[in-house]
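# A structural walkthrough
Now for the letters of each chain:
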Amino acid sequence: MTYSYKQLSSSDIPLLLELLKVFGEAFAEPETYQGAVPSTEYLQALLSQRHFIVVVALDEAGQVVGGLAAYQLDKFEQERSEI
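Now for a description of the structure that goes with this document. (Residues numbered from 1 in each chain as written. Predicted model: local features only at pLDDT ≥ 70, side-chain atom pairs only at ≥ 80, totals over all residues. Heavy atoms only, no water.)

## Comments concerning the overall build of the protein
Short version of the rule: Counting from the N terminus, the helices are DSSP H or I runs at least four residues long and the strands are E runs at least two residues long. Both definitions apply: the radius of gyration is a C-alpha atom measure, and the globule rule equals 2.2 Å times residues to the power 0.38. Type-normalised accessible area, obtained with a 1.4 Å probe on protein chains alone, sets the label of each residue: buried when under 20%, exposed when over 50%, and partly exposed for intermediate values. In this description, contact between two residues means that some pair of their heavy atoms is separated by no more than 4.5 Å. Accessible surface area values rest on a Shrake-Rupley calculation with a 1.4 Å probe, where residue burial reflects the displayed protein chains alone. We count Lys and Arg on the positive side and Asp and Glu on the negative side, and we leave His and both chain ends out. The atom standing in for a charge is NZ when the residue is Lys, CZ when it is Arg, CG when it is Asp and CD when it is Glu.
Counting its regular elements, the protein contains 3 helices and 3 strands. What you see in the protein, going N to C, is helices and strands ordered as β-α-α-α-β-β. For 83 residues, the compact-globule formula gives about 12 Å, and the C-alpha radius of gyration of the protein, at 15 Å, lies well above that figure. For the protein, the spread of C-alpha atoms along the principal axes amounts to about 55 × 30 × 25 Å. Per-residue burial over the protein gives 25% buried out of 83 residues. For the protein, long-range pairs separated by at least 24 residues make up 56% of all intrachain contacts whose partners lie at least 6 apart in sequence. In the structure as shown, the protein presents an accessible area of about 6300 Å², 53% of it carried by carbon and sulfur atoms. A gap of 9 Å separates the mean positions of the 5 positive and 12 negative side-chain charges of the protein.

Here it is in structure tokens:
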């Protein structure tokens, strides 16, 4: 089987919603990932941010079979050199 990979943009909300279902199944926590899905507007804004990256793996039929999300979490602590 051949897989393709795609970095999501703000227009890829359906793929992100599919990924949330995959995460719920993979981690055996469907309620966590499906219980309170954010609005389309929120997800579009999230995917528009440079520091939030989502990549999905698609099978030959175009179905999401995996993926990952990465984002920058700003620290609230200062480095010693900044004090």
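Anyway, onward from the coordinates.
## Some thoughts on the side chain of Asp59
Here is the rule we go by: Salt bridge criterion: a side-chain nitrogen from Lys or Arg within 4 Å of a carboxyl oxygen from Asp or Glu. Pairs of N or O atoms are called polar contacts if they sit within 3.5 Å, as long as, within protein, a hydrogen donor faces a hydrogen acceptor (for residues adjacent in sequence, only side-chain-to-side-chain pairs).
One can find Asp59 in the loop between strand S2 (52-58) and strand S3 (64-71). One buried charged side chain, Asp59, makes no salt bridge at all; its nearest oppositely charged neighbour is Lys21, positioned 14 Å away. A polar side-chain atom of Asp59 sits 2.9 Å from the main-chain amide nitrogen of Gln63. Asp59 has contacts with Met1, Thr2, Tyr3 and Val65, leaving out every residue within four places of it along the chain.

## Some points on the layout of surface pockets
The condition is simple: Here a cavity is any set of points on a 1 Å grid over the protein atoms alone where a 1.4 Å probe fits but cannot get out, and a pocket is any open set with protein on both sides within 12 Å along at least 5 of 7 lines; a residue lines the site when it has an atom within 4 Å of a point. Grid points are joined across faces, edges and corners, and a volume is the space filled by probe spheres set on the points.
Considered as a void within the structure, the largest pocket measures approximately 290 Å³ in volume. In this structure, the largest pocket is lined by 18 residues; those nearest its centre are Leu20, Pro38, Leu43, Leu46 and Phe52. With 4 residues, helix H1 (residues 13-26) is the largest single contributor of residues to the lining of the largest pocket.

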